[in-house]
Amino acid sequence: MISDKIFEKLRILADAAKYDVSCASSGTKRSNPGNGIGNASAWGICHSFTEDGRCIALLKIMLSNHCIYDCAYCVNRRSNDVPRTAFTAAEISDLTIGFYRRNYIEGLFLSSGVLRNADFTMEQMIAAVKDLRIRHRYNGYIHLKVIPGASPELIREAGLWADRLSVNMEIASENNLKLLAPEKNFESILKPIRMITDTIAENREDRRKFIHTGRFSPAGQSTQLIIGASDDSDRTVLKLASALYNRRNLKRVYYSGYIPVNSYDSRLPALNSPPLKREHRLYEADWLLRFYGFRVDEIVSEEYPDLDLNLDPKVMYALRNPWLFPVDINTADLPLLLRIPGVGPRSAQLIVAARRHGRLNSAHLKKIGVVMKRAQYFITCNELRAPSVQELKPERVRLMLLNQEKPADAVQLKLFHPVSALTPVLR
Amino acid sequence: MIVFRFDNTFEGLLTLVFESYRLKQFPDAIVGGTGSQSLLFAHTFEVVTDDAKAERVWNKIVEKSSAESAHRLYRVFLSELPEAPLLIFRYIRLVVESKVNIETDFSQPVVLEVVQIHRKVVREAQRIQMFTRFQQTAEGSYYASFVPQYNVLPLCIPHFCDRFADQEWIIYDLRRNFGFHYDRKEVVRITFENLRVNPQTGQLHPSLLDPGELQFQRLWKKYYDAVFIPQRKNIKVHRQFLPKRFWSYLPEKRSF
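Predicted model only: the values in this text are computed from it and were never measured.

So, about the overall build of chain B. Broken down by element type, chain B carries 8 helices and 10 strands. Every one of the 256 residues in chain B was classed for burial, and the buried ones make up 53%. Restricting to contacts in chain B with at least 6 residues of sequence separation, those with at least 24 account for 66%. Accessible surface computed for chain B: about 12,400 Å², of which carbon and sulfur atoms make up 52%.

Here you go:
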């Protein structure tokens with residue numbers, strides 16, 4: 001029988017954890033060895049969706065919402081008068097198993113407020129995960145939050161039990177972190193991130209040499225940045241994200257539009273609603289960095305430090321660089337195709353494959369999946385030329401695109417769409 | 001008009017292809033089942049399913065196209081769309097009669113249509129993996145049932161076997177009235193005579209459930225309600241990802 005106490009704890013600790021946006025359950029493929037419960041699917045499976053449209057793949061809870069810190073942006077800050085509670089390790093593992101066996105979830109996402117100190121908290125979290133792995137012989141996905149300041153030994157141990165580790169940066173610049181979270185410092189957050197990156201690399205090397213080396217954080221690490229709680233520009237945010245991808249090998253950087261939970265704090269900007277549109281544009285820019293070969297300074301610059309809210313960052317790039325266009329679909333190489341607004345990685349690859357069989361025209365492009373209403377000003381193909389951005393002038397194209405643009409739905413983009421078969425290639 | 005009738009199994013359809021080549025008669029229409037109505041002005045061939053003949057056709061597809069191509073046809077067959085058997089027949093003819101592998105020749109409408117139906121079937125199978133909800137029974141085993149749009153349950157079984165290897169479970173398709181039972185060792189196809197299940201919700205009769213089961217469902221609903229962020233409400237996207245036809249089977253969308 002489940003006691004009322006558990007119901008109440010789950011409500012409080014799920015509510016406390018919900019502002020963390022990471023939900024991925026992908027990156028590890030692991031079969032069930034046969035005597036336990038669970039496996040990890042390489043592509044991740046969502047099991048439900050909340051009414052805000054976010055996916056529920058993992059049981060996302062906090063070990064405890066007690067916290068010794070008083071960060072301005074956080075709902076669990078010390079000075080907030082909210083009900084506080086904590087799970088025991090056994091409660092967490094029993095809950096996870098109960099939900100997992102019913103196919104409600106893909107795994108566990110465990111985070112926590114800081115109890116006493118970082119190491120103490122980290123030990124509690126590891127205990128819960130160990131209980132799950134050993135007592136329940138659980139083989140499914142686990143995402144573990146690393147508490148900044150935890151000792152390297154504990155992080156190392158955490159990585160051996162979990163599939164993914166993450167340390168939340170939250171604020172993109174050092175001075176704003178100092179303002180909003182005076183008890184934290186940038187270095188204490190960056191240190192564990194660096195350490196995890198290095199350990200993953202070492203572990204990969206060790207596994208090549210020794211057969212019996214356990215895998216350390218096999219699904220990599222991720223982090224989250226809160227958007228709109230400080231005055232950091234999109235340029236600051238994206239520069240940090242890009243450095244984390246390139247130098248620290250992060251799998252994902254999540255952007256979380258700040259939801260005004262502590263509106264009484266005068267250090268925070270007054271927001272009527274969360275900056276969902278800005279968050280959406282940041283995800284688009286993030287995609288450009290990771291899948292389209294863009295550099296940060298091509299998306300935002302000192303001159304344009306913030307993303308345009310009305311048009312997507314790739315269109316804005318094209319309008320700032322009209323001399324690159326129109327691009328000839330039938331001859332341009334892949335990196336250049338990827339710069340055309342309305343052409344995604346998949347359609348770019350299909351264009352390259354399909355044009356071997358013959359020259360492509362706009363009808364072909366449409367079938368391939370190119371968004372012609374955007375692409376039309378930036379391409380030439382095997383037919384009569386439509387006026388391009390050069391002849392029309394960027395400002396006019398901007399207005400034309402603005403007029404056809406419907407208000408963008410603020411949706412978090414999904415990285416992994418379910419695998420689907422080949423899209424038609426034209427001959 | 002030439003009509004072929006088969007027993008609505010995939011092996012039957014492959015046998016049909018074999019017989020069609022043997023008789024050098026190619027169907028204008030393919031009908032399934034044992035229906036007795038005869039079609040006016042039609043010459044009807046009755047196909048008797050023969051596993052050996054079916055296997056030869058299967059191997060031919062693998063040889064001239066690919067194993068994936070053959071499996072793709074099986075999945076298209078599971079769509080149970082009325083046009084599927086004839087489409088599959090035409091696809092196999094293309095495969096057999098072409099010198100090169102036509103699998104990616106999307107200028108052929110038949111190939112394109114196979115790929116499109118296939119995608120829909122695979123998507124439905126993924127949804128079953130996402131939205132299946134087990135209920136614990138009084139004996140400690142787990143039960144789930146629902147109504148998939150296509151006959152995709154067989155495709156999902158390997159996934160459930162791997163993931164839930166140490167628990168006994170039954171997954172049941174209420175519309176097609178069959179399911180699979182796993183006893184920690186092997187999976188068997190089963191059919192229930194009088195299943196005590198609420199067809200609207202897929203819920204077992206309360207007397208068959210573990211006493212703690214409903215509490216777990218309530219607990220899950222509690223969690224679901226707690227993680228919703230009202231400031232981000234977006235029903236349109238919600239519905240797009242979580243189609244309404246699944247709602248009645250999900251504890252989190254039910255009111256207790």
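Still more to cover.
Let us look at the overall build of chain A. The number of helices and strands found in chain A is 16 helices and 10 strands. Computed over C-alpha atoms, the radius of gyration of chain A comes to 24 Å, within 12% of the 22 Å expected from 2.2 N^0.38 for 427 residues, which places it in the range of a compact globule. Considering chain A as a whole, with its 427 residues, one finds that 59% of them fall into the buried category. A separation threshold of at least 6 residues defines the contact pool for chain A, and within that pool the share at least 24 residues apart is 69%. A distance of 6 Å separates the average location of the 60 positive side-chain charges in chain A from that of its 46 negative side-chain charges.

Here we take up the sheet that holds strand S3 (residues 43–46) of chain B. All names here are of chain B. Taken together, 3 strands build an open sheet; the order of strands is S2-S1-S3 and the sheet is parallel. Pairing within the sheet leaves two strands with one partner each, and these edge strands are strand S2 (29–32) and S3. Here the strands of the sheet are splayed against their neighbours by 25° on average, with no regard to which way each runs. Across 4 bridges, the pairing between strand S1 (residues 2–6) and S2 is parallel. Of the residues in S2, the one forming a bridge with arginine 5 is valine 31. In the packing of helix H1 (residues 10–23) onto the sheet, the strands contacted are S1, S2 and S3, and the crossing angle to S1 comes to about 145°.

Turning to the environment of A:Ser3, a few remarks are in order. Of note, A:Ser3 is situated in the segment before helix H1 (4–17). Residues A:Ser3 and A:Leu225, 222 residues apart in the sequence, show an inter-C-alpha distance of 36 Å.

So, on to the pattern of salt bridges. Residues and elements named next belong to chain A. In the structure shown here, the tally under the stated rule is 41 salt bridges over all chains. As a salt-bridge pair, arginine 267 and aspartate 265 come within 2.9 Å of each other at their nearest N and O atoms. Residue classification places arginine 267 among the partly exposed residues on the basis of a relative accessible area of 30%. Here aspartate 265 falls in the buried class, since its relative accessible area comes to 8%.

The N-to-C vectors of H1(A) and helix H7 (residues 213–227) of chain B enclose an angle of 25°; their axes lie 8 Å apart at closest approach. It follows from the interaxial angle that H1(A) and H7(B) lie roughly parallel. H7(B) is crossed by H1(A), and the crossing has right-handed handedness. Between H1(A) and H7(B), the residues in contact are A:Ile6, A:Phe7, A:Leu10, A:Arg11, A:Ala14 and A:Asp15 and B:Gln215, B:Arg218, B:Leu219, B:Lys222, B:Tyr223, B:Ala226 and B:Val227, respectively. Its residues placed into classes, the contact of H1(A) with H7(B) shows 8 nonpolar, 1 polar and 4 charged.

This next bit is on a negative patch on the surface. A cluster of like negative charges, contributed by B:Asp7, B:Glu11, B:Asp51 and B:Glu55, occupies part of the molecular surface. For B:Glu55, the position within the fold is in helix H2 (residues 51–64).

This part is about the state of the cysteines. Per the counting criterion, the structure on display carries 0 disulfides over all chains. Residue B:Cys156 stays outside any disulfide, its sulfur separated by 11 Å from that of B:Cys161, the closest cysteine.

Quick look at the side chain of A:Asp232 now. All names here are of chain A. Position of aspartate 232 among the secondary structure elements: in the loop between strand S7 (221–227) and helix H7 (234–248). No salt bridge is formed by the buried aspartate 232, whose closest oppositely charged neighbour, arginine 278, lies at an N-O distance of 7.4 Å. Reaching out from aspartate 232, the side chain makes a polar contact with the side chain of serine 173 at a distance of 2.6 Å.

Take the confidence of the model for chain A next. Overall, the predicted model of chain A reaches an average pLDDT of 87, with 94% of residues at or above 70. Between residues 407–427 of chain A, whose pLDDT stays under 50, and residues either more than four places distant or in other chains, the model counts 64 contacts.

Residues and elements named next belong to chain B. Within the open sheet, the 5 strands sit side by side as S4-S5-S6-S7-S8. Their pairing is mixed. Looking along the sheet, the strands with just one partner apiece sit at the ends: strand S4 (135–136) and strand S8 (187–190). Note that S4 and strand S5 (residues 142–146) share 2 bridges and pair antiparallel. Among the inter-strand pairings, glutamine 136 is bridged to a residue of S5, identified as tyrosine 142.

A few words on the packing of helix H4 (residues 152–161) of chain A against helix H6 (residues 186–209) of chain A. Residues and elements named next belong to chain A. At a closest axis distance of 11 Å, the pairing of H4 and H6 adopts a crossing angle of 50°. As the angle between them shows, H4 and H6 are arranged oblique. Where H4 crosses over H6, the handedness of that crossing is right-handed. Contacts between H4 and H6 involve Pro152, Ile155 and Arg156 from the former and Pro192, Met195, Ile196, Thr199 and Glu202 from the latter.

Of all 8 residues in helix H10 (residues 313–320) of chain A, 7 are buried, a share of seventy percent or more. Among all positions of H10(A), only A:Pro313, A:Lys314, A:Val315, A:Met316, A:Tyr317, A:Ala318 and A:Leu319 are buried.

Before going further, it helps to examine the interface of chain A and chain B. Taken together, the contacts link 61 residues of chain A with 56 residues of chain B. Summed over both partners, the interface of chain A with chain B buries about 5,600 Å², with 59% contributed by carbon and sulfur atoms. The tally of links from chain A across to chain B stands at 5 salt bridges. Residues A:Glu279 and B:Arg232 are paired through a salt bridge, measuring 2.7 Å at the closest nitrogen-oxygen approach. Contributions of two or more residues to the side of chain A that touches chain B are made by H1, strand S1 (48–49), strand S3 (58–62), helix H2 (89–101) and helix H8 (276–291) of chain A. Here the side of chain A that touches chain B is built from residues that sort into 31 nonpolar, 17 polar and 13 charged.

Time to look at helix H6 (residues 153–163) of chain B. Burial in H6(B) covers these residues: B:Leu153, B:Cys156, B:Ile157, B:His159, B:Phe160, B:Cys161 and B:Arg163. Buried residues along H6(B) sit in contact with H2 of chain A together with helix H5 (109–131), S5, strand S6 (169–173), strand S7 (178–182) and S8 of chain B.

The subject of this paragraph is the pairing of S5(B). Residues and elements named next belong to chain B. By the criterion of burial, S5 is predominantly enclosed, with 5 of the 5 residues buried. Burial along S5 is two-sided: the residues Tyr142, Ala144 and Phe146 and Tyr143 and Ser145 are all buried. In textbook terms, the turn of a hairpin is the stretch between consecutive antiparallel strands, and for S4 and S5 this stretch comprises 5 residues, one of which, glycine 140, has a positive phi near 95°. In this sheet, S6 lies alongside S5 in parallel orientation, the contact comprising 5 bridges. Paired with alanine 144 across the two strands is isoleucine 171, which belongs to S6. Taking the sense of rotation as the criterion, the β-α-β connection linking S5, H6 and S6 turns out right-handed.

We describe a pair of aromatic rings using the distance from one ring centre to the other and the angle between the two ring planes. All told, the structure shown has 31 aromatic pairs over all chains when counted by the stated rule. Aromatic rings pair up to connect A:Tyr100, A:Tyr138, B:Phe134, B:Tyr142, B:Phe160, B:Phe164, B:Trp169 and B:Tyr182 into one cluster. A cation over an aromatic ring shows up here: A:Arg290 above the ring of A:Trp287, its NZ or CZ 4.8 Å from the ring centre.

Rules used throughout
- Residues numbered from 1 in each chain as written.
- Chains lettered and ligands numbered in written order.
- Predicted model: local features only at pLDDT ≥ 70, side-chain atom pairs only at ≥ 80, totals over all residues.
- Heavy atoms only, no water.
- Helix = DSSP H or I, 4+ residues; strand = E, 2+ residues; numbered from the N terminus.
- Buried < 20%, exposed > 50% of the residue type's maximum accessible area, 1.4 Å probe, protein only.
- Contact = heavy atoms within 4.5 Å.
- Areas by Shrake-Rupley, 256 points an atom, 1.4 Å probe, with all protein chains shown as cover.
- Rg over C-alpha atoms; globule rule 2.2 N^0.38 Å.
- Lys, Arg positive; Asp, Glu negative; His and termini not counted.
- Charge placed at Lys NZ, Arg CZ, Asp CG, Glu CD.
- Pairing = 2+ DSSP bridges.
- Axes fitted to C-alpha atoms, helices over the stretch in contact; angles between N-to-C directions.
- Salt bridge = Lys/Arg side-chain N within 4 Å of Asp/Glu carboxyl O.
- Parallel < 35°, antiparallel > 145°, perpendicular 65-115°, else oblique.
- Left-handed = near helix turned anticlockwise from the far one by under 90°.
- Nonpolar A, V, L, I, M, F, W, Y, C, P; charged D, E, K, R; others polar.
- Patch = residues over 30% accessible without salt bridge, like charges linked within 9 Å, V, L, I, M, F, W, Y side chains within 5 Å.
- Disulfide = S-S within 2.5 Å.
- Polar contact = N/O pair within 3.5 Å; in protein donor to acceptor, adjacent residues only side chain to side chain.
- pLDDT = per-residue confidence, 0-100.
- Buried area = accessible area lost by both parts, 1.4 Å probe.
- Right-handed = clockwise from strand over helix to strand, strands pointing away.
- Phe/Tyr/Trp six-rings, centres within 6.5 Å; stacked < 30°, edge-to-face > 60°.
- Lys NZ or Arg CZ within 6 Å of the ring centre and 35° of its normal.

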